[in-house]
Amino acid sequence: MVDKNRIKIFDTTLRDGEQSPGASLNEDEKIEIAKQLARLKVDVIEAGFPIASPGDFEAVKRIAREVKGPAIAGLARARKIDIERAYEAVKYSDRPRIHTFIATSPIHMERKLGLTPDQVIEQAVEAVKFAKSLCNDVEFSAEDAGRSDPEFLYKIFTEVIKAGATVINVPDTVGYTQPEEFGALIRGIRENVEGVENVDISVHCHNDLGLATANSLAGVLNGATQVECTINGIGERAGNASLEEIVMNLVTRKDYFQKEIGIDTTQLYPASRLVSRLTGFVVQPNKAIVGANAFAHEAGIHQDGVIKDKRTYEIMTPESVGFPGTKLVLGKHSGRHALYERLKELGYDLTNEQLNLIFSRFKELADKKKEVLVEDLEAILTEEILPKVPEKYSLEYFQVVTGSTTIPVATLEIAEENGLLRDASIGNGPVDAVFKAIERVTGIKARLTNYVIKAITGSKDAQGEVSLELEIEGKSYSGKGVSTDIIEASAKAYINALNRYFVK
Ligand code: KIV
Ligand code: ZN
């Protein structure tokens, strides 16, 4: 019998989240995120889609081996070959799960699969039976359940439970349903599916109409015991339900939902920052729970209220989600020990060797900048400690001549395994000239599809952080670069994206 009062958090950042255009992560980056998800104490990590590529397979296998605590799930279409491959990867976990799916909406069955509803049930049952012969924990998803006939869903879910499924998942694949409708769908499943009391009912909502969190919570109110979501809500198209929003709704409004969860909420902000840094996806400042402004009070009346009593305008504390309290970190005269303590508060427990590395970078920066803030430290950590994309290219030197009466010219030198590459180019502006020069030296044709520059901190001496996306041979690659010089940050970001192209 499933405990109806305990909601399991199923994180799919590394599978559905990684399907976001431009979000490709390498194996080391996936491991780093999976470890943070374990610190967050999610119940299940969906680590990838093992049949999709050898890289996906290896990443799922490594996560299953190295990350302990949560169950590790691998996705598989309702086909023997996919299921075998998924099991080959997840079997190294102490708690392996096979997650198999087939579409159940009329449009998907007819137009995509070319199967009748009876054939879909048959294939689903066969797949679940086969998965069950390999692994005790089997999740079945009815893709596009949000647009499926509820009667058909009752039938297919009843059959897959008989075949051995331990979780039945109800995805609103295209983010089409409204909270009341979705809640009613879950209620109908709870009331009409045979054997449903012995399995978890799971919800998996996409955000095409901005309702993913609302729909997931409507599911919980109507009997769902598992919610599938991603850090920062990343995922296909408009993304998935955001994990931090689901969790903090359940925690902040426990009086309303009356459900237990196992999450360590103080790890939410570090998880959000890590995913943002490694995917290159900037979190909007007004994003609920983890946005930079989520706990900022601007209006005088609000500030006055907060000074008198924080509860006037704060429904949860920044500390409860791991939001760094004070922004000021350290200055030029701060020592190694103070740096170590501050990093620990931010959730980074470094070895001596790592600390030495970060300390010398910190000193260099403190010479250029009066105050070194949390965001500066995170940028250094990303560059020095977090897994690096193997560097086929690295920027050695650049020079730009620009002005209102000259044509911008960039000269640069890039190191690669066979030595130094050197060239120059003109451009519409200094950044464009640098990008064109990089294109000339590397010979790689890339289309810049996104370019965002922001100051990491608010002051005049702030470091600039550039996030960009390049399209190369029809695929998207993200890159990031940080420097006190914004042209250098742009060049580094461009080269970082090129290096990701070589990893794939
Ligand atoms: O959105 C969806 O339908 C999915 C399934 C594979 C669960 O991601
Ligand atoms: Zn999905």
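Residues numbered from 1 in each chain as written. Chains lettered and ligands numbered in written order. Predicted model: local features only at pLDDT ≥ 70, side-chain atom pairs only at ≥ 80, totals over all residues. Heavy atoms only, no water.

What follows is about the pattern of salt bridges. In the structure shown here, the tally under the stated rule is 34 salt bridges. We note a salt bridge from Asp28 to Arg62, for which the minimum N-O separation is 2.9 Å. In this pair, Asp28 sits in helix H1 (residues 27-40) while Arg62 sits in helix H2 (residues 54-66), placing the two residues 34 residues apart along the sequence. When its relative accessible area of 35% is taken as the criterion, Asp28 is described as partly exposed. (Salt bridge = Lys/Arg side-chain N within 4 Å of Asp/Glu carboxyl O. Helix = DSSP H or I, 4+ residues; strand = E, 2+ residues; numbered from the N terminus. Buried < 20%, exposed > 50% of the residue type's maximum accessible area, 1.4 Å probe, protein only.)

Of all six residues making up strand S7 (residues 200-205), six are buried, and the element is well covered by its neighbours. Side chains Asp200, Ser202 and His204 project from S7 onto one buried face, and the interleaved Ile201, Val203 and Cys205 project onto a second face that is buried too. Bridging between strand S6 (residues 167-172) and S7 involves six bridges; their strand directions are parallel. Note that in S7 the partner of Pro171 across the bridge is His204. Sheet topology places S7 next to strand S8 (residues 226-229); three bridges connect them, and they run parallel. Counted as the bridge partner of Ser202 is Gln226 from S8. Note on the crossover from S7 through helix H8 (residues 212-221) to S8: the handedness is right-handed. (Pairing = 2+ DSSP bridges. Right-handed = clockwise from strand over helix to strand, strands pointing away.)

Before going further, it helps to spend a moment on the sheet that holds strand S13 (residues 419-426). Read across the open sheet, the three strands follow the order S11-S12-S13; overall the sheet is antiparallel. Each edge of the open sheet carries a strand with a single partner, namely strand S11 (394-401) and S13. When the angles between neighbouring strand axes are averaged without regard to direction, this sheet yields 15 degrees. Each of S11, strand S12 (409-416) and S13 is contacted by helix H16 (residues 430-442), which is oriented at about 135 degrees to S13, the strand it contacts most. Of the strands in this sheet, S11 and S12 are in contact with helix H17 (residues 486-503), which crosses S11 at around 140 degrees. (Axes fitted to C-alpha atoms, helices over the stretch in contact; angles between N-to-C directions. Contact = heavy atoms within 4.5 Å.)

All of the protein donors around the zinc ion (ligand 2) are Asp16 (OD), His204 (NE2) and His206 (NE2); their distances to the metal are 2.0 to 2.1 Å. Read N to C, the donor residues that coordinate the zinc ion (ligand 2) are spaced as D-x187-H-x1-H. Of this pair, Asp16 sits in the loop between strand S1 (8-11) and H1 while His204 is found in strand S7, placing the two residues 188 residues apart along the sequence. In this pair, the class of Asp16 matches that of His204, namely buried. (Donors = N, O, S within 2.8 Å, 3.2 Å for Na, K, Ca; no water.)

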